[in-house]
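The lines below spell out each chain.
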Amino acid sequence: MSGDSCQLPLHRLCLQTQAISTGSQAIRPPYEASQMVCPKSKTCSYRAALGLGNKYVRLNVGGTLFYTTLQVLTRQDSMLKAMFSGRKEVFIDREGWILIDRCGKHFGSILTYLREEAVTLPPARQGVLELLAEAKYYLIQGLVELCQGGLQDQKELSLCVIPVITSAKEEVRLIQACTKPVVKLLYNRSNNKYSYTSNSDDNLLRNIELFDKLSLSYNGRVLFIKDVIGDEICCWSFYGQGRKLAEVCCTSIVYATEKKQTKVEFPEAKIYEETLNALLYETLPVPDDTLLEATRRRHAHCGSHSEEEEGPTHSGADLRERVRRIHVKRYSTYDDRPLGH
């Protein structure tokens, strides 16, 4: 920005700030009026500005206009204090606005921190990063530390920890101690004694990817755990308030021309359904009998899934003792299918 270099007298600065604070136009002597006809901006020094107390200053920060006081701007040891205490030159336009060539998006937060030594950080991480950049530019160390602490807190809150089961006792202890619903994925590819079908590896990866996706979406509401030592190849288990609610087994044996093969399925819809059913046990009291009955699957042998229930077959409170065990079935030939399918 180009402009003539000049020294702004103290009495003229007082006159301008009084006009701003009262909202009226200041009356200038003739010689001052002639001197105000100047280029669009001047480089001026605010020497002895501290003596003005709480007189208002007009700031143009990247096109955004602010009113504040010299007392606020010089309260903390920062670049703004250097600018308005005579140690650093500033630009001022013909209308008396002091020009700061920075984005004004977060300058209001900068002024709030200078006034109160505290400020509410933006909710989004990107906003905190932008405010941190401004705080570093203006050399406001306290605000820099506040932003860095906020970023660290956000990082800790977004951290998703997935326990890995190392023993059966650890699994029981973890589930019993947890007050949230629990979703467990057991996968162990080496448990197979037959060869896998062509799509089994892809489906196993899809189950693992879905587990990761669900754990990120429901991290604060559900405890997700992994089991790599169990006897199954790929199996989902769902728990509520310390009790097993359902199980989705994703493996089945199919018969090829001369040999058996293990097939891994990806029943995505059923996994989502049981995850949402587990959320019914998120808070006390437990779901009532009507809601439990409404969420049960009554069909027993439908084309691709079979469902079994363990426990009493009576109605009422006995519904809470049942465990839904869903096993994926696929038929290799038409003759293997039940009648009517």
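Look up a bit, the structure's there.
A brief structural summary. Residue positions are given per chain, counting from 1 as you read along its sequence in written order. Side-chain atom pairs in this predicted model are given and counted only at pLDDT of 80 or more, local residue features only at pLDDT of at least 70, and totals for whole chains, interfaces and linings cover all residues. Neither water nor hydrogens contribute to the side-chain values; these are computed over all heavy atoms in the structure.

Looking at the overall build of the protein
The helix count covers DSSP runs of H or I at least four residues long, the strand count covers runs of E at least two residues long, and both are numbered beginning at the N terminus. A tally of regular secondary structure across the protein gives 11 helices and 17 strands. Residue burial in the protein is summarised as follows: out of 341 residues, 42% are buried. Expressed as a percentage of contacts within the protein between residues at least 6 apart in sequence, the contacts between residues at least 24 apart total 67%. Surface accessibility of the protein: about 18,900 Å² in total, with carbon and sulfur atoms responsible for 52%. Partly exposed describes any residue whose relative accessible area lies between the buried limit of under 20% and the exposed limit of over 50%, with all areas from a 1.4 Å probe on protein chains only and scaled to the type maximum. Should any heavy atoms of two residues lie within 4.5 Å, those residues are counted as being in contact. With residues, only the protein chains shown are counted as cover, and all accessible areas are computed by Shrake-Rupley using a 1.4 Å probe.

Topic: the packing of aromatic side chains
The aromatic pairing rule takes the rings of Phe, Tyr and Trp, using the six-membered ring of Trp, and pairs them if the centres are within 6.5 Å, calling planes under 30 degrees apart stacked, those over 60 edge-to-face and the rest tilted. With the rule as written, the count across this model stands at seven aromatic pairs. Between Y137 and Y138, the ring centres sit 5.1 Å apart and the planes meet at 80 degrees, which makes this aromatic pair edge-to-face. Summarising the aromatic geometry, the rings of W236 and F238 are spaced 6.4 Å apart at their centres and angled 10 degrees between planes, so their arrangement reads as stacked. Each member of the pair, W236 as well as F238, carries the same accessibility label: buried. Through a chain of ring-to-ring contacts, the aromatic side chains of F66, F107, Y137 and Y138 assemble into a single cluster. We call a charge positioned over a ring when the NZ of a Lys or the CZ of an Arg lies within 6 Å of the ring centre and within 35 degrees of the ring normal. If you follow R58 out to its NZ or CZ, it ends over the ring of W97, 4.8 Å from the centre.

Here's the deal with the nonpolar core
Soluble globular proteins: nonpolar side chains tend toward being buried together. We define a nonpolar core as any set of buried Ala, Val, Leu, Ile, Met, Phe, Trp, Tyr and Cys residues linked to one another through side-chain atoms lying within 4.5 Å. In this structure, L59, L80, F84, F107, I110, Y138 and L143 are the most contacted members of the largest nonpolar core, which totals 30 residues. Sorting the residues of this core by element identifies β3 (56–61), α3 (70–73), α4 (79–83), β6 (98–100), α5 (107–116), α6 (125–137) and α7 (141–157) as the ones contributing at least two each. The leading source of residues in this core is α5, at five residues. Leaving out residues up to four positions away in the same chain, L143 has contacts with I110, Y113, V119, L131 and A135.

Some remarks on the environment of Y67
Relative to the elements of secondary structure, Y67 occurs in strand β4 (residues 64–69). Sequence separation between Y67 and V57 is 10 residues, and the spatial gap between their C-alpha atoms is 5.8 Å.

Any functional reading would require information beyond the geometric quantities listed.
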